[in-house]
Amino acid sequence: DSSAVNGLISRLLDGQIQVVAFTSAPQVRMLFDFATQLGVAETLHQALSAVTIASIGEVTSRALGEDKLTPKIVPAQSKMGHLAQAVADYFKTKGS
């Protein structure tokens, strides 16, 4: 749904999002493809540099690296539940 992606990009650009979790390499590419179509790819990159990025695993982290983005959160196991727990643990530790 392109309206959902456009909304996500808009909220990222407005600084309304603290963490973004990427679950696949195509997801990373699609987000930047949409941003390019909207003419905001560089601005999106800057916005993503200011938020906490979570990646489900190595392949997704490589896709982020292609856009010069480094995830702060990567779970030990590439599974959705582990990603959610890693995000929770990161913010729990950060808040302490």
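Structure: above.
Residues numbered from 1 in each chain as written. Predicted model: local features only at pLDDT ≥ 70, side-chain atom pairs only at ≥ 80, totals over all residues. Heavy atoms only, no water.

Novice: Even after reading the chapter, I still don't get the environment of alanine 54, so can you show me in this structure?
Specialist: Note on placement: alanine 54 falls in strand S2 (residues 52-55). Put simply, alanine 54 and alanine 84 are 30 residues apart on the chain and 9.2 Å apart in space, counted from C-alpha to C-alpha. Among residues more than four places away in sequence, those in contact with alanine 54 are Val20, Ala21, Phe22, Pro71, Ile73, Leu83 and Val87. (Helix = DSSP H or I, 4+ residues; strand = E, 2+ residues; numbered from the N terminus. Contact = heavy atoms within 4.5 Å.)

Novice: Just to check I follow, could you spell out the packing of aromatic side chains for this structure?
Specialist: The relative placement of two aromatic rings is captured by the distance of their centres and the angle of their planes. As enumerated under the stated definition, the model contains one aromatic pair in all. Aromatic pair tyrosine 90 and phenylalanine 91: ring centres 5.1 Å apart, planes at 85 degrees, arrangement edge-to-face. In this structure phenylalanine 91 comes out as partly exposed when scored by relative accessible area, which is 30%. (Phe/Tyr/Trp six-rings, centres within 6.5 Å; stacked < 30°, edge-to-face > 60°. Buried < 20%, exposed > 50% of the residue type's maximum accessible area, 1.4 Å probe, protein only.)

Novice: Mind showing me how you'd approach the pairing of strand S1 (residues 19-22) here?
Specialist: Successive residues of a regular strand alternate their side chains across the two faces of the sheet. On S1, burial follows the alternation: Val20 and Phe22 on one face are buried, whereas Val19 and Ala21 on the facing-out side are not. Across four bridges, the pairing between S1 and S2 is parallel. Paired with valine 19 across the strands is threonine 52, a residue of S2. (Pairing = 2+ DSSP bridges.)

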